[in-house]
Amino acid sequence: DASNATCVFWQPGAGAGDMGSWSSDGCETTHREGTVICHCNHLTYFAVLLIPVGALSPAQLASLTHISTIGCSLSAAATFCTLLLCCFSRQRLRDNTTRIHMPLLAALLLLNLLYALAWMATEAFHLLLLLVKVYNIYIQHYLLKLCLFAWGLPTLVVVAVFIFKRDTYGYHAISTPEGYRNMTMCWLTSWPAHYATLCYAGLILLFNVVVLGKVVTILRRMQQQKKEARKDWVTVLGLTCLLGTTWGLAFFSFGIFLIPQLYLFTILNSLQG
């Protein structure tokens, strides 16, 4: 499908360190019967570029970057302050729920996706125990086992990647149709690793959504007055952020959903802390 093809020419850079970029100035693109025709008013090196559908403009990239910077800064400050409050509250430190909140706060502070997702799953598991247990359920070395899962599993993955396939991470180019300049970021360069990460995130988010659904079901049974119902829905909204179900928006990054999803994903998840 060449419907998104554009005629461009190579414009050398003005400075010594600037190699140049593709530009469409002075060129018109015509599509006719599966053929791309370029009408240009000057002679130079020409090319036909296939711009990916849904590529972001520099203005959109800039706005998303600003939202991410502001949101992540606020989250980092909030998580740091909350961690300090938890550390200086001896009474809260005796509570398993607070002890589980603290590593999640630390994970969000580190902005490490895999670590954060693992602790979101841990939060969901602990919440499920609090909801379904009738009598006190004692699990030996409960917090230690949770830490082994939520800190240990991602650490093993990172160490394995570092030892056996260090080039799994590299530069990922973000295409921009205006100016045809690429912005780069550190990301997964291996498609198997990319899909494995999506599967890992998908399983955790599925588990958290199921737990959230269980919570909503129990709360509906407990509703007796309208005021209590409002409090229950506030609780559900809070749990939605706590369990990280908003990260599921990443699975809607295609077609007409791409741009709205990017803004929603960036706003909600950068402010998660």
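From a predicted model like this one, the values you see are computed outputs, not experimental measurements. (Residues numbered from 1 in each chain as written. Predicted model: local features only at pLDDT ≥ 70, side-chain atom pairs only at ≥ 80, totals over all residues. Heavy atoms only, no water.)

A. Region of interest: the nonpolar core. With 19 residues, the main nonpolar core has Leu117, Trp119 and Met120 as its most contacted residues. Where this core is concerned, the elements lending two or more residues are helix 3 (96–110), helix 4 (113–132), helix 5 (142–164) and helix 6 (191–222). Among the elements that take part in this core, helix 4 stands out by supplying seven residues, more than any other. Once residues within four sequence positions are removed from consideration, Leu117 is found in contact with Tyr200, Ala201, Ile204 and Leu205. By size, the runner-up hydrophobic cluster in this structure holds nine residues, among which are Leu127, Val211, Leu212 and Val236. (Core = buried A, V, L, I, M, F, W, Y, C linked by side-chain atoms within 4.5 Å. Buried < 20%, exposed > 50% of the residue type's maximum accessible area, 1.4 Å probe, protein only. Helix = DSSP H or I, 4+ residues; strand = E, 2+ residues; numbered from the N terminus. Contact = heavy atoms within 4.5 Å.)

B. Molecular detail of the UniProt feature "transmembrane region" (unreviewed entry) in the protein chain. Within the UniProt annotation, "transmembrane region" (unreviewed entry) is assigned to residues 42–61, 67–88, 146–164, 193–212 and 233–259. End-to-end, the C-alpha atoms of residues 67–88 are 32 Å apart, and along that stretch the chain is 100% helix and 0% strand. Secondary structure across residues 146–164 divides into 100% helix and 0% strand, with the first and last C-alpha atoms of the span separated by 27 Å. (UniProt positions renumbered as here; feature names shortened; annotations may be inferred.)

C. Region of the structure containing the environment of Ser73. The topology assignment puts Ser73 in helix 1 (residues 58–88). Its relative accessible area of 43% is what places Ser73 among the partly exposed residues. Note: C-alpha distance between Ser73 and Leu109 (36 residues apart in sequence) is 9.7 Å. Among the polar contacts made by the side chain of Ser73, one reaches the main-chain carbonyl oxygen of Thr69 at a distance of 2.6 Å. (Polar contact = N/O pair within 3.5 Å; in protein donor to acceptor, adjacent residues only side chain to side chain.)

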